[in-house]
Amino acid sequence: MRWSSKAVSLICAAGLVVFGVVVATPAQAAGPLKTVAAPRGKFIGTALATDSLANEAMYRTVAAREFNQTTPENAMKWDATEPQDNQFSFAGGDQIVSFAQQNGMTVHGHTLVWHSQTPGYVQGMNATNMRAEMQAHIAAVVGHWANNPTVTGWDVVNEIFNEDGTFRQSFWFNTLGQSFVADAFRAARAADPDAKLCINDFNVEDINAKSTAMFNLVSSLRSQGVPIDCVGFQAHLAIQFAFPSTLQQNIQRFANLGVHVRISELDVRMLNPETAAKDATQAQYYTNVVNACLAVTNCDGITIWGFTDLHSWIPGTFSDQCCGLIYNNSYSPKPAYDAVANAFGPGPTDTTPPSTPGTPTASNVTATSATLNWTASTDNVGVTGYDILRSTGGGAFSQVGTSTTNSFTNTGLTASTTYQFEVRARDAAGNMSAVSSPVTVTTSAGGGDTQAPTAPSGLAASGTTQTGTSLAWTASTDNVGVTGYDILQAQGASGGTFTQVGTSTTTSFAVTGLTANTTYRFQVRARDAAGNVSAVSNTAQITTQGGGTTGACSATPTVQTQWGTGYVINPLTITNTSTSTIPSWTVTFTLPAGHTLSGSWNATVTVSGQTVTAKSVSFNGNLAPGASTGTFGFQVNRPNGNTQMPTSYSCATP
Ligand code: XIL
């Protein structure tokens with residue numbers, strides 16, 4: 001059966017992957033959303049916009065973490081994919097499809113035939129030309145992603161009804177009559193026999209004149225054998241209007257026809273300003289939508305029309321309204337987020353404890369403190385932290401602290417005393433590991449000194465390579481003498497936690513084991529003989545160099561489509577042909593005389609004369625030995641009649 005095929009298995013696969021990252025504990029706000037939706041057999045998606053995806057790390061992070069489905073907000077519409085007749089541009093759509101592919105999401109194509117966001121050259125055609133144009137557009141756009149399993153379906157026609165159930169007097173209808181609908185579906189099925197083909201509209205959530213017209217049309221098209229598989233209820237709701245109380249019955253009547261239903265563009269707007277009370281009502285609307293979909297097997301899932309109020313079509317379309325989404329402008333979840341999570345949840349309960357941490361080792365043992373380090377535990381849902389247990393002189397162990405890293409410094413110890421330390425790990429579901437073996441520590445004799453050294457200053461990094469850097473600083477001073485320095489490291493240009501990565505008895509330290517192309521921050525602090533610790537130094541920041549020079553790669557072009565005056569190479573497959581991981585790649589090739597590059601995607605491209613140089617971008621550079629990426633491609637214009645193709649492809653690292 002068609003519906004048990006690729007869409008469903010991809011959703012299940014995504015569910016398993018996310019289960020490995022975070023768990024939902026029962027009876028509290030669960031998340032990420034895909035973790036709680038997938039076990040219920042529903043997708044949870046978001047519309048994605050290409051510019052936010054390219055420019056905002058937070059946008060990418062939240063989208064990748066929460067959703068297992070996406071619908072491109074604008075990138076696959078006619079004005080984006082065929083802005084001029086026969087000039088196709090798939091870069092934006094490809095960008096979203098690559099992101100989806102990398103993050104276990106499916107993509108629903110949106111939208112092929114619509115009265116809006118369609119260029120004038122289409123609108124002015126006579127009936128014969130318009131029908132041929134529509135069929136050619138569908139063939140090209142659906143065909144572009146037909147062999148990509150990430151793209152599972154399409155909105156074939158969008159918003160074809162008036163509120164009273166008559167056909168919208170669009171240029172499509174006015175020129176072609178209602179026959180354009182069946183023709184569009186047939187063209188889409190011919191271009192991708194596996195894709196789920198939908199009709200999509202707004203204000204069809206309730207049983208009303210408009211949804212009944214849609215119901216009658218779907219029923220009649222199916223009885224004529226027109227390939228229509230699904231119905232999208234946009235669900236652009238607003239709290240100043242009553243919730244569509246017959247939503248569940250409406251989904252059910254379409255399901256009874258044998259078609260699938262998706263909530264395709266959900267948002268719940270409100271009149272300005274946003275208030276806590278309105279947010280609570282909004283949350284209830286979200287709950288109701290999830291519950292209605294959960295109640296009907298043939299409701300496949302829910303796509304929210306964006307996720308952060310920072311990027312939403314609402315303020316631009318309804319000038320007195322706002323705030324229809326589940327995250328606020330600063331990416332904090334709103335009550336609506338919890339509403340969705342709780343309506344799907346609780347997720348699966350994890351009972352597997354983390355592995356036992358390694359036996360701690362003790363360092364920097366002074367009269368009053370000791371630092372412990374241990375080998376981290378592993379866990380199926382993720383270790384969230386460690387408990388540190390201590391026994392004095394062979395007595396019972398009790399907990400003296402917690403750590404979210406695999407290191408801990410215990411202070412306030414008594415001089416000349418023997419202690420034992422053990423650690424145990426906890427996971428996100430609250431499971432606890434067995435305790436580690438103990439380490440025995442005897443503090444040194446106390447000297448009575450309590451004055452800390454001065455903070456080290458002038459910390460600077462030099463000689464940064466791909467995997468290391470050299471730190472040097474100005475010495476601290478101390479009344480009883482500085483005995484050494486702790487070296488602290490955090491990843492990233494901000495945030496993260498500084499953890500100790502080594503000690504030094506001089507004013508320099510060589511850091512090793514860093515990752516290529518990564519930003520780190522370092523600090524140092526001084527210790528004296530009595531165990532007093534200084535404040536930390538200034539922070540030194542570095543970014544390690546990109547990539548090794550040992551790897552090798554190959555570049556293999558695929559001609560996706562060509563016409564008289566141009567062609568598309570997609571993908572230009574890059575394969576790591578070496579036995580070590582490559583962090584990045586650079587491909588060069590030569591365009592024949594007279595050919596000019598008119599577009600490219602998923603690489604940073606420079607052109608010099610006829611030589612094109614394409615460098616990998618953040619997400620497609622790192623390739624394991626033997627691995628390939630098929631994300632990069634480009635489009636070229638050429639003189640009419642010239643059939644040459646680019647030559648001299650070569651690939652190098654980094
Ligand atoms: C909207 C987008 O969100 C906007 O960015 C764009 O400017 C206009 O279109 N119904 C649909 C969607 O089917 O394609 C619309 O998306 C919202 C209404």
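Residues numbered from 1 in each chain as written. Predicted model: local features only at pLDDT ≥ 70, side-chain atom pairs only at ≥ 80, totals over all residues. Heavy atoms only, no water.

Some details on the site of the ligand
The local shell around the ligand holds 13 residues, among which E73, N74, K77, H110 and E265 are the closest. Between the ligand and E159 there is a distance of 3.1 Å, counted from a nitrogen atom to a side-chain nitrogen or oxygen. Here an oxygen atom of the ligand sits 2.9 Å away from a polar atom, N or O, in the side chain of W305. Relative to its unbound accessible area of 420 Å², the ligand is 79% covered by the protein chains. In terms of residue class, the shell around the ligand is made up of 3 nonpolar, 6 polar and 4 charged. (Near = heavy atom within 4 Å. Polar contact = N/O pair within 3.5 Å; in protein donor to acceptor, adjacent residues only side chain to side chain. Areas by Shrake-Rupley, 256 points an atom, 1.4 Å probe, with all protein chains shown as cover. Nonpolar A, V, L, I, M, F, W, Y, C, P; charged D, E, K, R; others polar.)

Examining the side chain of S433
Along the chain, S433 turns up in the loop between β16 (418–427) and β17 (439–442). Looking at S433, the relative accessible area reads 7%, which means it is buried. If we ignore the near neighbours within four places in the chain, the residues touching S433 are P353, P354, S355, T356, P357, R424 and A425. (Helix = DSSP H or I, 4+ residues; strand = E, 2+ residues; numbered from the N terminus. Buried < 20%, exposed > 50% of the residue type's maximum accessible area, 1.4 Å probe, protein only. Contact = heavy atoms within 4.5 Å.)

A look at the pairing of strand β29 (residues 604–608)
Side-chain positions along a regular strand alternate between the two faces of the sheet. For β29 and strand β30 (residues 611–615), the ladder comprises 5 bridges, and the chain directions are antiparallel. Note on β30: the bridge partner recorded for V607 is V612. Once β29 ends, the chain turns through 2 residues before running back antiparallel as β30, passing G609 with a positive phi of about 60 degrees. (Pairing = 2+ DSSP bridges.)

A short note on the confidence of the model for the protein chain
Of the residues in the protein chain, 94% have a pLDDT of 70 or more, and the chain-wide mean is 90. Between residues 1–29, whose pLDDT stays under 50, and residues either more than four places distant or in other chains, the model counts 60 contacts. (pLDDT = per-residue confidence, 0-100.)

Thoughts on the packing of helix α13 (residues 276–294) against helix α15 (residues 335–344)
Orientation of α13 relative to α15, taken along the N-to-C sense of each, is 25 degrees, at an axis distance of 8 Å. By the angle between their axes, α13 is roughly parallel relative to α15. α13 and α15 meet at a crossing whose hand is right-handed. Between α13 and α15, the residues in contact are D279, Q282, A283, Y286, T287, V290, N291 and L294 and P335, A336, A339, V340, A343 and F344, respectively. (Axes fitted to C-alpha atoms, helices over the stretch in contact; angles between N-to-C directions. Parallel < 35°, antiparallel > 145°, perpendicular 65-115°, else oblique. Left-handed = near helix turned anticlockwise from the far one by under 90°.)

What to know about the state of the cysteines
Disulfides are covalent bonds that connect the sulfur atoms of two cysteines. Summed over all chains, the structure comprises 4 disulfides. Sulfur-sulfur distance for the disulfide between C198 and C230 comes to 2.0 Å. Between C198 and C230, the S-S dihedral sits near -85 degrees, and the bridge is therefore left-handed. Pair noted here: C198 is in strand β5 (residues 196–201) and C230 is in strand β6 (residues 230–233), with a separation of 32 residues, a long-range link. C230 shares its class with C198; the two are buried. (Disulfide = S-S within 2.5 Å.)

Quick word on the sheet that holds strand β23 (residues 519–528)
Across the sheet, 4 strands lie side by side as β21-β20-β23-β24; this open sheet has antiparallel pairing. In this open sheet, the two strands that pair with only one neighbour each are β21 (499–504) and β24 (540–543). Mean inter-strand twist for the sheet, computed between neighbouring axes without regard to direction, equals 30 degrees. Note that β23 and β24 share 4 bridges and pair antiparallel. Each bridged residue has a counterpart across the sheet, and for F522 the counterpart in β24 is A540.

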